[in-house]
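Report on the structure
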Amino acid sequence: AVVSTQSTGYYQKSRDYGSTVTHTLEFLLNFIKVNVYHFHWRSVSNYVEKAEHIDETDVRVLRRIQLAKGLTEMSLKDYNQAAKTFLNIPCDSWNDEIISPLTLLIYTTLCALASFKRKDIQKLLIENNNFKQYLDMQPTIRNCILSFYNRRFNIGLQSLDMLKREFKLDLFLSPHIDDLYFFIRSESMKQYFAPYLCCDMVKMAAAFNTDVDSLELELMALVGGEGVKIDSFNKVLRAVKRNEKEQVRRDVIELCNTLQFKTQELIVKTAILKAGLVIKSSAPNIDEKPSTSSVRGGGPL
């Protein structure tokens, strides 16, 4: 639907005529919807927060609030929290929403694959009874999620590449497609290498549908600070072994320094108290009663 730029002003004026909680909630939902279509995410966030403070049990109302909240989080590129928000949206009684259930499934899947660890994919996606209802709508998306979970990354990435052109036509998703695909690929590479101490880059390149040289360039940007080294000559990816003895030694030294500082602090405090170098408060004690001699005219009346 085409939303006029004057709609925001009209809804704002209608607020003065509301006299019940239902009227206020209706105004908030309409105002949120208009601002979502205008991409005014700061306003959406403010009014979603106000709507959440209203005690409401209607599933349809709660869904609209959560949809707007998830879209706002996705617009801020907080893909992890956006996926968790989308996952809490019930599948039943879906009617006249900002997006369709299939679109919600796509948003949730991409945000989750870009930010979830493997155990979270199993717990929050695959074993989620509410989300299974969405997965039944689109077997292609379900198979894609299972491919990533079962470490068949080439199949999962191929499925996403086939759908990428279609995703770029989406109103809310198109600005995030490149970032989401990059994060999904990066997270997949981390999960691929996680069980190993040494990995053949030739086989890894085949698993990610690329050549060795291109894979090496991707890994150079990815493994910074990840405890991984790239052997360009032998085309091998190696995990850097941690020196556990050295780490224990550093932890012990840090603990000793902390205990020494606290011990010296206690010694100084004890010496100060023993020497009587304590500044007492000069304020009068309100519990003490003044003597009769200190009161003017203290003689018998």
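What this report covers is the structure whose coordinates are included nearby. These figures come from a predicted structure and were not determined experimentally.

About the criteria used
- Residues numbered from 1 in each chain as written.
- Predicted model: local features only at pLDDT ≥ 70, side-chain atom pairs only at ≥ 80, totals over all residues.
- Heavy atoms only, no water.
- Pairing = 2+ DSSP bridges.
- Helix = DSSP H or I, 4+ residues; strand = E, 2+ residues; numbered from the N terminus.
- Core = buried A, V, L, I, M, F, W, Y, C linked by side-chain atoms within 4.5 Å.
- Buried < 20%, exposed > 50% of the residue type's maximum accessible area, 1.4 Å probe, protein only.
- Contact = heavy atoms within 4.5 Å.
- Axes fitted to C-alpha atoms, helices over the stretch in contact; angles between N-to-C directions.
- Expected span 1.5 Å × (residues − 1).
- Bend = angle between axes of the 7 residues up to and from the residue.
- 1 Å grid on protein atoms, 1.4 Å probe; cavity = no way out; pocket = protein on both sides within 12 Å on 5 of 7 lines; lining within 4 Å.
- Points joined across faces, edges and corners; volume = space filled by probe spheres on them.
- Nonpolar A, V, L, I, M, F, W, Y, C, P; charged D, E, K, R; others polar.
- Parallel < 35°, antiparallel > 145°, perpendicular 65-115°, else oblique.
- Left-handed = near helix turned anticlockwise from the far one by under 90°.
- Phe/Tyr/Trp six-rings, centres within 6.5 Å; stacked < 30°, edge-to-face > 60°.
- Lys NZ or Arg CZ within 6 Å of the ring centre and 35° of its normal.

Some points on the pairing of strand β3 (residues 236-239)
In regular strands, side chains alternate between the two faces of the sheet. With 3 bridges joining them, strand β1 (residues 198-200) and β3 adopt antiparallel strand pairing. Within the sheet, the bridge partner assigned to Cys198 lies in β3 and is Arg238. As defined by bridge partners, strand β2 (residues 228-231) adjoins β3 across 4 bridges and the pair is classed as antiparallel. Across the sheet, residue Ile230 finds its bridge partner in β3, namely Leu237. Hairpin connection of β2 to β3: 4 residues between the antiparallel strands, including Lys235 at a positive phi of 55°.

Brief notes about the nonpolar core
Soluble globular proteins tend to pack their nonpolar side chains together in the buried interior. Val36, Leu71, Met74, Leu110, Phe172, Leu173 and Met204 are the most contacted members of the largest nonpolar core, which has 75 residues in total. Here the element with the most residues in this core is helix α6 (residues 101-115); it accounts for 9 residues. Those residues in contact with Met204 that sit more than four places away from it in its chain are Met189, Tyr192, Cys199, Leu215, Leu219 and Leu237.

Regarding the sheet that holds β1
On the basis of which strands lie adjacent, the open sheet formed by 3 strands has the order β1-β3-β2 and antiparallel pairing. Every other strand in the sheet has two partners, leaving β1 and β2 as the edge strands with one partner each. The sheet shows a mean angle of 20° between the axes of neighbouring strands, taken without regard to direction.

With respect to helix α10 (residues 153-167)
Between its terminal C-alpha atoms α10 stretches 20 Å, which fits the 21 Å expected from 15 residues at 1.5 Å a residue. Along α10, the sharpest change in direction is near 30° and occurs at Asp161. Where α10 is concerned, the buried positions are Phe153, Gly156, Leu157, Ser159, Leu160, Leu163 and Phe167. Contacts from the buried residues of α10 go to α6, α9 (139-149), α11 (177-193) and α12 (201-207).

Considerations on empty space enclosed by the protein
Across all of its chains, the model carries 1 cavity of 30 Å³ or more by this definition. If one sorts the elements of the lining of the largest cavity by residue count, α11 sits on top with 4 residues. Here the residues of the lining of the largest cavity sort into 5 nonpolar, 2 polar and 1 charged.

A closer look at the packing of helix α2 (residues 21-37) against helix α3 (residues 41-52)
Viewed as axis vectors pointing N to C, α2 and α3 meet at an angle of 160°, and their least axial separation amounts to 9 Å. One way to sum up the angle between α2 and α3 is to call them roughly antiparallel. Handedness of the α2/α3 crossing: left-handed. Contacts from Leu25, Phe27, Leu28, Phe31, Ile32, Asn35 and Val36 in α2 reach Trp41, Ser43, Val44, Tyr47, Val48, Lys50 and Ala51 in α3. Looking at the contact of α2 with α3, its residues break down into 11 nonpolar, 2 polar and 1 charged.

Some points on α11
The periodicity of an α-helix, 3.6 residues per turn, causes residues three or four places apart in sequence to face the same way. Helix length check: α11 (17 residues) gives 25 Å between terminal C-alpha atoms against 24 Å at 1.5 Å per residue, within 8%. Of all 17 residues in α11, 12 are buried; the element is thus mostly enclosed.

Thoughts on the packing of aromatic side chains
The final tally for this structure, using the stated rule, is 14 aromatic pairs. A centroid spacing of 6.0 Å and a plane angle of 75° characterise the contact between Phe39 and Trp41, whose relative ring orientation is edge-to-face. Residue Phe39 is classed as partly exposed on the basis of its relative accessible area of 38%. The class of Trp41 is buried, set by a relative accessible area of 16%. Judged by centre distance (6.1 Å) and plane angle (45°), the ring pair of Phe86 and Tyr107 falls under tilted. Separated by 21 residues along the polypeptide, Phe86 in helix α5 (residues 79-87) and Tyr107 in helix α6 bring together distant segments of the chain. An identical accessibility class is assigned to Phe86 and Tyr107; each is buried. The rings of Phe148, Phe153, Tyr192 and Phe208 are connected pair by pair, giving a single aromatic cluster. The side chain of Lys50 reaches across the aromatic face of Tyr47, ending 4.7 Å from its centre.

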